[in-house]
Amino acid sequence: MGIRLAMKKELMGLEHSDLLTADDVRAHLAQQVKEDTERGFSVISKFNDTHSQLTSGLKTKQSELVFERHRLFNEVLYKRQSVDAWLNNQTSG
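Residues numbered from 1 in each chain as written. Predicted model: local features only at pLDDT ≥ 70, side-chain atom pairs only at ≥ 80, totals over all residues. Heavy atoms only, no water.

For the structure on display, the rule yields two aromatic pairs. Taken together, a centroid distance of 5.2 Å and an interplanar angle of 65° make the contact between F47 and Y78 edge-to-face. Of this pair, F47 sits in helix 3 (residues 37-56) while Y78 sits in strand 3 (residues 76-79), and the two are 31 residues apart along the sequence. Classification of Y78 by relative accessible area gives buried; the value is 0%. Among the aromatic residues, ring-to-ring pairing joins F47, Y78 and W86 into one connected group. (Phe/Tyr/Trp six-rings, centres within 6.5 Å; stacked < 30°, edge-to-face > 60°. Helix = DSSP H or I, 4+ residues; strand = E, 2+ residues; numbered from the N terminus. Buried < 20%, exposed > 50% of the residue type's maximum accessible area, 1.4 Å probe, protein only.)

If you look at the biggest cluster of nonpolar residues, it comprises 14 residues, and the most contacted ones within it are V25, L29, F47, L65, Y78, V83 and W86. The set of elements that each furnish at least two residues to this core consists of helix 2 (22-32), helix 3, strand 3 and helix 4 (80-92). Apart from the residues within four sequence positions on either side, L29 is in contact with V43, I44, F47, V83, W86 and L87. (Core = buried A, V, L, I, M, F, W, Y, C linked by side-chain atoms within 4.5 Å. Contact = heavy atoms within 4.5 Å.)

On to the pattern of salt bridges. This model, assessed by the stated rule, comprises two salt bridges. With a closest N to O distance of 2.9 Å, R26 and D23 form a salt bridge. Remark: D23 and R26 occur in helix 2; sequence separation between them is three residues, near one turn of the helix. You can call R26 partly exposed: its relative accessible area is 24%. The closest approach of N and O atoms between E68 and K79, which form a salt bridge, is 3.7 Å. Remark: K79 occurs in strand 3 and E68 occurs in strand 2 (residues 67-69); sequence separation between them is eleven residues. (Salt bridge = Lys/Arg side-chain N within 4 Å of Asp/Glu carboxyl O.)

Shown next as structure tokens:
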């Protein structure tokens, strides 16, 4: 992780919260599906598509991903439980 990203996360106060940045979600997804490379690529690709839509303000079909925008940095942050639920839905389907 770069120093700028580390400082930004510290300023956002994400250290002891259940909120994840998009980079944190990607790392979490990669760790969870590391044994199945093809499936992992598919899941991370779907997340990237969804994240791009949310960042640009478009509505998405992925209702499991609960997110909020950081009020100062206006960055999309995801709730850890919703990311796990979304991942379970992706891997079971």
